[in-house]
Amino acid sequence: MARDRTFETLAVTEGEHPFETGSEAGDVTSPIHLASTYAFPGLDTEMSLEDVDPDAGEFVYSRLSNPTRHALESRLAALEGGEHAMAFSSGTAAIFTTALSCVEPGDHVVAFDDLYAGTRRMLEDVFEARLGVEVSFVDATETAAVEDAMRSETELVWMETPTNPTLALCDVAAIAEVADEYDATFGVDNTFASPYFQRPLELGADVVAHSTTKYLNGHSDSVGGAVVTNDDDLAEELRFQQQVGVGDMLAPFDSYLLLRGLKTLPMRMREHERNATAVAEFLEGREEVSRVYYPGLESHPQHDLAREQMDGFGGILSFELEGDIDDAKRFLEALSEFTLAVSVGGVESLIELPAGMTHEPLAPEQRAALGISDTLIRVSVGVEGLEDLLADLESGFDAVARQAANAAADD
C-alpha cells in the first residue's frame, strides 16, 4: 500500500517529474514553456478539444493548458488536498471567476463583512451593481449570523479566514454545515494562512482561493491567483470560465516562479510564524500599543478556534498604536527593516497603514465598523533576524516619543 507523501515532499516534487514535464532531457524542474500553440501529430477528425489530456502530455493552445502551468496546478491541488486546481493571473481574477461560476442574476451571496477591500468592492460594484446579484455582508465570527442571512436563493457563501487586516476567524466546519443545508457553494480565501497552516477543503469548504502573490510565491516577484476544489462539476465550470468565458490564466514564467517558491513554503512558513509570534508578544508588552491582533496570542478572542482549525498561526499581525494618524505616520516612516508597502507574504517584512493604503477605498464609516482605525498598523513579518526586527520597531516607538517630548516642550 502506497504511503501518502508529506506536505514538505509534495511542495518540492509534485507536478515535476523528470521525463514527464514536457522534455526528454530529464529536467528535475519544469521547463518554462513559452509556446502559445502546439503542433498536432496528425489530424483526428473524431477528436474534440475536450479529449485533449494534459496529464498525458497533450496540449493544443496555452490559453487552454500549458505544461508549466499544468505542473503548477498539480502541485497546488496536492498541497490543498484537492483534486482540481486552476492558476490565474491574480488573486482577484481567481475570486471573480469562482463567483462568476457560482451565481447568476437574481441569486444571493452571503459574505464575511471583514473581507479584503478589493474583494468587497468586487462583490458590491460588479456583482451587485452590474450583474444583479444581491450580497449580504455579515459578521461571520458568529456562525449564527451566517445562518440568519441564508435564503433559498443563496448560491454562494464567501469567507476569508484569518481576515485582512484584523485577523478575525470564522468557524469553517460550522459554516460548511450551514452552506450544505442550503445547497450553496462554500468558498474560503486561504491566502493569509496558506495550505501549510490551514486546509479548508478538509474542514468542509467546497472551494479554496489564494492570491499566490503572497505566501505561495513568497518572494514578491510574481502576481497570481489560484482556485482548488474537489467538486468535479464546479471544476468543469471554473475551467470553462478560465479558458473560454474569462480567458484568464497564469503566464508560464509566473508559473515557473510559483513552482520554485512553493519548494520552500514549509520552511518559510515556520520561520514567518516564529518571528510573528515574537513580534506579537513584544508589541503586546508595549505601553504605546493598545491592542494586538494575532491568532497565536491567548488574548485573541478566537485563539481556541485558531488552535482547532489551523496548524499554526501565520506571519501576519496588526496592532493599534496609541495616538493619532500623525503618530502612526511618524512611526512607520522611522522604520528601516520593515518596508512601507502593501501586500504580504514575502520573505521581507512589510508594514502598512490600512486606513490610508489597502483599505482606503472603503468609506470611513465602513472602516470604523470593521475596527480599522486611523492608527491600526498591519505587519507582514518576514524571515529576517528577529533581533533586527525588534530593534527597528523600537526605533519607531522612539520617533513617536521624541515628537511627543518636543511638542510638550513647545507648550
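Check the entry above for the structure.
As the structure is a prediction and not an experimental result, all values here were calculated from the model.

### Details of the overall build of the protein chain
No. 1: Within the protein chain, the secondary structure is distributed over 14 helices and 12 strands.
No. 2: For 411 residues, the compact-globule estimate of 2.2 N^0.38 gives 22 Å, and the protein chain sits close to it at 22 Å.
No. 3: Taken over the C-alpha atoms alone, the protein chain extends approximately 85 × 50 × 40 Å along its principal axes.
No. 4: Scored against the burial criterion, the 411 residues of the protein chain give a buried share of 54%.
No. 5: Of the contacts made within the protein chain by residues no fewer than 6 positions apart, 72% connect residues no fewer than 24 positions apart.
No. 6: On the protein chain, the mean spot of the 25 positive side-chain charges and the mean spot of the 78 negative ones are 6 Å from each other.

### Considerations on the packing of aromatic side chains
We describe a pair of aromatic rings using the distance from one ring centre to the other and the angle between the two ring planes.
No. 1: Under the defined criterion, the tally for this structure stands at 9 aromatic pairs.
No. 2: Seen from their ring centres, Phe 253 and Tyr 256 are 5.9 Å apart, and the 40 degrees between their planes marks the pair as tilted. Remark: Tyr 256 and Phe 253 occur in helix α9 (residues 252-262); sequence separation between them is 3 residues, near one turn of the helix.
No. 3: Relative accessible area serves as the criterion here: at 24%, Tyr 256 is assigned to the partly exposed category.
No. 4: A ring pair is formed by Tyr 294 and Phe 313, whose centres lie 6.5 Å apart and whose planes are at 70 degrees; its orientation type is edge-to-face. In this pair, Tyr 294 sits in the loop between β8 (289-293) and α11 (303-309) while Phe 313 sits in the loop between α11 and β9 (316-321), placing the two residues 19 residues apart along the sequence. For the pair Tyr 294 and Phe 313, a shared accessibility class is recorded, and that class is buried.
No. 5: Each residue in the set Phe 282, Phe 319, Phe 331 and Phe 397 is aromatic and connected to the rest through ring pairs, giving one cluster.

### Considering the sheet that holds strand β10 (residues 339-340)
No. 1: Spatially, 5 strands are ordered β8-β9-β12-β11-β10 in an open sheet, and the strand pairing comes out mixed. Of all the strands in the sheet, the pair left with one neighbour each is β8 and β10.
No. 2: Along the sheet, helix α10 (residues 265-284) contacts β8 and β9; its crossing angle with β9, the most-contacted strand, is approximately 15 degrees.
No. 3: Contacts from helix α12 (residues 325-333) reach β9, β10, β11 (350-352) and β12 (376-380) within the one sheet, and its direction differs from that of β9 by about 130 degrees.

### Regarding empty space enclosed by the protein
No. 1: The final tally for this structure, using the stated rule, is 1 cavity of 30 Å³ or more.
No. 2: Estimates place the volume of the largest cavity at around 40 Å³.
No. 3: Lining the largest cavity are Pro 162, Leu 167, Phe 192, Ala 193, Met 310, Phe 313, Gly 314, Gly 315 and Ile 316.

### A few points about the pattern of salt bridges
No. 1: As enumerated under the stated definition, the model contains 17 salt bridges in all.
No. 2: A salt bridge links Glu 202 to Arg 199, with the shortest nitrogen-to-oxygen separation between them at 3.3 Å.
No. 3: Its relative accessible area of 19% is what places Arg 199 among the buried residues.
No. 4: A salt bridge links Arg 330 to Asp 327, with the shortest nitrogen-to-oxygen separation between them at 3.4 Å. Placement of the pair is Arg 330 and Asp 327 together in helix α12, with a separation of 3 residues, close to one helical turn.
No. 5: Among the ionic contacts, a cluster of salt bridges with common partners joins Glu 16, Arg 75 and Lys 263.

### A word on the packing of helix α2 (residues 67-80) against α9
No. 1: α9 packs onto α2 with a crossing angle of 35 degrees between their chain directions and a minimal axis gap of 8 Å. Seen along the crossing, α2 lies across α9 with a hand that is left-handed. Where α2 abuts α9, its residues Thr 68, Arg 69, Ala 71, Leu 72, Arg 75, Leu 76 and Leu 79 lie against Pro 252, Ser 255, Tyr 256, Leu 258, Leu 259 and Leu 262.
No. 2: Across the contact of α2 with α9, the residue classes break down as 9 nonpolar, 2 polar and 2 charged.

### A closer look at helix α4 (residues 117-128)
No. 1: Its 12 residues give α4 an end-to-end C-alpha distance of 15 Å, which sits within 8% of 16 Å, the value for a rise of 1.5 Å per residue.
No. 2: Among the residues making up α4, those that are buried are Ala 117, Thr 119, Arg 120, Met 122, Leu 123 and Phe 127.
No. 3: Buried-residue contacts for α4 involve α3 (91-102), β2 (108-112), β3 (134-138), β4 (154-160) and α13 (364-369).

### Overview of the side chain of Thr 375
No. 1: Tracing the chain through its elements places Thr 375 in the loop between α13 and β12.
No. 2: Of the residues examined, Thr 375 reaches a relative accessible area of 8% and is grouped as buried.
No. 3: Reaching out from Thr 375, the side chain makes a polar contact with the side chain of Glu 320 at a distance of 3.3 Å.
No. 4: Residues in contact with Thr 375, not counting those within four places in the same chain, are Phe 319, Glu 320, Leu 321, Gly 323, Asp 324, Ile 325, Ala 328 and Leu 353.

### Some thoughts on the state of the cysteines
No. 1: According to the stated counting rule, one finds 0 disulfides in the structure shown.
No. 2: Cysteine Cys 102 remains unbridged, with the sulfur of Cys 170 as its closest cysteine sulfur at 16 Å.
No. 3: A residue is classified by how much of its surface remains accessible, and Cys 102, at 14% relative accessible area, is buried.

Each value, and the rule that gives it
Residue positions are given per chain, counted from 1 along the sequence in the order it is written. Totals for whole chains, interfaces and linings use every residue, but because this is a predicted model, local features are given only for residues with pLDDT of at least 70 and side-chain atom pairs only at 80 or more, for both listing and counting. Side-chain numbers here rest on the full set of heavy atoms in the structure, without hydrogens or water. Helix numbers and strand numbers start at the N terminus; a helix is a DSSP run of H or I with at least 4 residues, a strand a run of E with at least 2. Radius of gyration here is computed from C-alpha atoms only, and the compact-globule reference equals 2.2 Å multiplied by the residue count raised to the power 0.38. When accessible area is computed with a 1.4 Å probe and restricted to protein chains, residues below 20% of their type maximum are described as buried, those above 50% as exposed, and intermediate ones as partly exposed. Contact between two residues is taken to exist if any of their heavy atoms lie within 4.5 Å; hydrogens are not considered. When charges are counted, Lys and Arg contribute as positive and Asp and Glu as negative, whereas His and the chain ends are disregarded. In plain terms, the charge of a residue is placed at NZ if it is Lys, CZ if Arg, CG if Asp and CD if Glu. Each pair of aromatic rings taken from Phe, Tyr and Trp, with Trp reduced to its six-membered ring, is defined by centres within 6.5 Å and is described as stacked if the planes are under 30 degrees apart, edge-to-face if over 60, and tilted in the remaining cases. Strands qualify as paired when DSSP identifies two bridges or more between them. To obtain each axis, a line is fitted to C-alpha atoms, and for helices this fit is confined to the stretch in contact; angles are then taken between N-to-C directions over 0 to 180 degrees. Grid points spaced at 1 Å over the protein atoms alone were grouped into cavities, where a 1.4 Å probe fits but cannot get out, and pockets, open sets with protein on both sides within 12 Å along at least five of seven lines, with lining residues defined by an atom within 4 Å of a point. Grid points are joined across faces, edges and corners, and a volume is the space filled by probe spheres set on the points. The working definition used for a salt bridge is a side-chain nitrogen of Lys or Arg within 4 Å of a carboxyl oxygen of Asp or Glu. Should the near helix be turned counterclockwise from the far one by less than a right angle, the crossing is left-handed, whereas a clockwise turn marks it as right-handed. Residues were grouped as follows: Ala, Val, Leu, Ile, Met, Phe, Trp, Tyr, Cys and Pro as nonpolar; Asp, Glu, Lys and Arg as charged; and all remaining residues, including Gly, as polar. What a helix is expected to span follows from its residue count: subtract one and scale by 1.5 Å. Counted as a polar contact is a pair of N or O atoms within 3.5 Å, where, for protein atoms, one must be capable of donating a hydrogen and the other of accepting one, and residues adjacent in sequence contribute only when both atoms are in side chains. Cysteine sulfur atoms are paired as a disulfide whenever they fall within 2.5 Å.

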